[in-house]
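What follows is each chain in one-letter form.
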Amino acid sequence: MPGFLSPEDAVRLHQALATEKLWLRSTMSGRQNVDIPVEAINGMRPEQQAGLMAASHDEAAAVLGQPGSLHYMFDTVRIDTAIVRGDWVNPVYNAFYRFLNGPEFLGFIRDLTGTNEARYVDARATRFLPGHYLTEHDDYQPGRARLFAYVLNLTPHWRSDWGGLLNFIDEDGHLAEAYAPRMNALNLFSVPQNHSVSFVTPFATAPRYSITGWIRADEPSPSKD
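Source: prediction; values computed, not measured.

(A) Here's a closer look at the side chain of His14. Inspection of the secondary structure puts His14 in helix α1 (residues 7-18). Not counting residues up to four positions away in its chain, the partners in contact with His14 are Leu154, Pro156, Met183 and Tyr209.

(B) Seen up close, the packing of aromatic side chains. A full pass over the atoms with the stated rule returns 12 aromatic pairs. Taking the centre distance of 5.5 Å and the plane angle of 40° together, the rings of Tyr72 and Phe74 count as tilted. A relative accessible area of 11% means that Tyr72 is categorised as buried. With relative accessibility at 11%, the residue Phe74 sits in the buried group. The interplanar angle of 20° and the centroid separation of 5.1 Å between the aromatic rings of Phe74 and Phe128 together place this pair among those described as stacked.

(C) Representation of the nonpolar core within the structure. Of all hydrophobic cores here, the largest spans 34 residues; its most connected members are Leu13, Ile79, Tyr150, Leu154, Ile211 and Ile215. Breaking this core down by element, the ones donating at least two residues are α1, α4 (79-85), α5 (91-100), α6 (103-113), β4 (120-121), β7 (146-153) and β12 (208-216). With residues up to four places along the chain from it excluded, the contact list for Ile215 reads Phe105, Ile109, Ala118, Tyr120, Val121, Ala145, Arg146, Leu147, Phe148, Tyr150 and Leu188. Membership of the second largest hydrophobic core comes to 10 residues, among which are Tyr72, Phe74, Trp162 and Val197.

(D) Representation of the packing of α1 against α5. Relative to each other, α1 and α5 sit at 135°, their axes nearing to 9 Å. In terms of their interaxial angle, α1 and α5 are classed as oblique. As for the relative orientation of α1 and α5, their crossing is left-handed in sense. Residue-level inspection shows Arg12, Leu13, Ala16 and Leu17 of α1 in contact with α5, the latter providing Val92, Tyr93 and Phe96. Among the residues making up the contact of α1 with α5, the classes are represented as six nonpolar, no polar and one charged.

(E) Summary view of the pairing of strand β6 (residues 133-137). With four of five residues buried, β6 lies mostly within the body of the structure. As paired strands, strand β3 (residues 72-77) and β6 are joined by two bridges and run antiparallel to one another. Paired with Tyr72 across the two strands is Leu134, which belongs to β6. Of the pairings in the sheet, the one linking β6 to strand β11 (residues 195-197) comprises two bridges and is antiparallel in character.

(F) A look at the pattern of salt bridges. For the coordinates displayed, the defined rule picks out nine salt bridges. One salt bridge in this structure joins Arg25 and Asp75, with 2.3 Å as the shortest N-O distance. Residue Arg25 is found in strand β1 (residues 24-29), and its partner Asp75 is found in strand β3; the two are separated by 50 residues along the sequence. Judged by relative accessible area, which is 0%, Asp75 ranks as buried. One salt bridge in this structure joins Glu219 and Arg119, with 3.0 Å as the shortest N-O distance. A residue pair is termed long-range when its members are at least 10 positions apart, and Glu219 in the segment after β12 and Arg119 in the loop between α6 and β4 qualify at 100 residues. In this structure Glu219 comes out as partly exposed when scored by relative accessible area, which is 40%. It is possible to trace a salt-bridge network through shared partners that takes in Arg25, Asp75 and Arg127.

What counts, and at which threshold
- Residues numbered from 1 in each chain as written.
- Predicted model: local features only at pLDDT ≥ 70, side-chain atom pairs only at ≥ 80, totals over all residues.
- Heavy atoms only, no water.
- Helix = DSSP H or I, 4+ residues; strand = E, 2+ residues; numbered from the N terminus.
- Contact = heavy atoms within 4.5 Å.
- Phe/Tyr/Trp six-rings, centres within 6.5 Å; stacked < 30°, edge-to-face > 60°.
- Buried < 20%, exposed > 50% of the residue type's maximum accessible area, 1.4 Å probe, protein only.
- Core = buried A, V, L, I, M, F, W, Y, C linked by side-chain atoms within 4.5 Å.
- Axes fitted to C-alpha atoms, helices over the stretch in contact; angles between N-to-C directions.
- Parallel < 35°, antiparallel > 145°, perpendicular 65-115°, else oblique.
- Left-handed = near helix turned anticlockwise from the far one by under 90°.
- Nonpolar A, V, L, I, M, F, W, Y, C, P; charged D, E, K, R; others polar.
- Pairing = 2+ DSSP bridges.
- Salt bridge = Lys/Arg side-chain N within 4 Å of Asp/Glu carboxyl O.

The structure is reproduced here in structure tokens:
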């Protein structure tokens, strides 16, 4: 859905992401999520930073093809978690989160999808840099009533040559569709559905920004989200 927000609101969100200082490097270690403050990574020596990325790539290579082989590396700000817990978040993020959980957007989702189950929308900011990736998965998690996934793309300029594409994979393992992160375009798809974000190439010259999450049939919980 191109032109999802007004141009002014899309630019406002992009500027918030581009100036964000509290990114967490989200990756996996031994099948567990690990969040590392990017500020701490930036304080490492270059060889240490390269070693962290190489370790993530090596682990992704080792688990691919195994059951539950999801692996990833990208930067995130967990907007919904902070708001549910009462922590401070950028007012621009807060306003967008309130919009997602307001009657206009939830009503739009119910009309578009034909389901009346949509009750809550979570949200996290993401930033993909060179070397970042998200391997094939379907978003299903027991105990979380995810109905649909969404990605609001907030990158003003992106080339498909840079990777970072939202890929949809069919039952035969073929690439059925792929979408470049067009500025202010909303991608919306049902859960479960196999998809990935392709590896961002070393020669990408801009970050891939988005706000993403799930439209759910349950309510938020500070202990769960």
